[in-house]
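Inside the fold
This is what each chain is made of:
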Amino acid sequence: MTDPHQAATSPGTDQGSIDRRAAIAEALGKEVWPADRDALVAKAQEGTPSDRVLADLQRLPAGRTFENVQEVAEALGLGTEQQRF
């Protein structure tokens, strides 16, 4: 656990990374987890994801199961918040 008085956003995390992660989370919802790349792409395609979201999901490594959007963001090299509590 980190200091709750520290900013939750990791150093080097920019607004673009935060926005990309939010778009991925919105496209996938909460009921898809755990899932591999193909399941995440299929779930996103049930809606109307942006081209960027689909491209990001298709870049994920095959054969890996992701437990949540934070793991997806980490695999994509996006900054993630620290666990504060």
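As a starting point, this report considers the structure included with it. (Residues numbered from 1 in each chain as written. Predicted model: local features only at pLDDT ≥ 70, side-chain atom pairs only at ≥ 80, totals over all residues. Heavy atoms only, no water.)

From N to C terminus, the protein includes four helices and two strands. Helices (α) and strands (β) of the protein occur, in sequence order from the N terminus, as α-β-α-α-β-α. When the 85 residues of the protein are sorted by exposure, 31% land in the buried category. Taking the contacts inside the protein whose residues are at least 6 apart along the sequence as the reference set, 61% of them involve residues at least 24 apart. Accessible surface computed for the protein: about 5,300 Å², of which carbon and sulfur atoms make up 47%. (Helix = DSSP H or I, 4+ residues; strand = E, 2+ residues; numbered from the N terminus. Buried < 20%, exposed > 50% of the residue type's maximum accessible area, 1.4 Å probe, protein only. Contact = heavy atoms within 4.5 Å. Areas by Shrake-Rupley, 256 points an atom, 1.4 Å probe, with all protein chains shown as cover.)

Those residues of helix 2 (residues 37-45) that sit buried are Leu 40, Val 41 and Ala 44. Within helix 2, the buried residues cover an arc of 100° as seen down the axis, which keeps them to one side. Turning to helix 2, the residues buried within the fold contact helix 1 (15-28), strand 1 (35-36), helix 3 (51-58), strand 2 (65-66) and helix 4 (69-75). (Arc of directions from axis to C-beta.)

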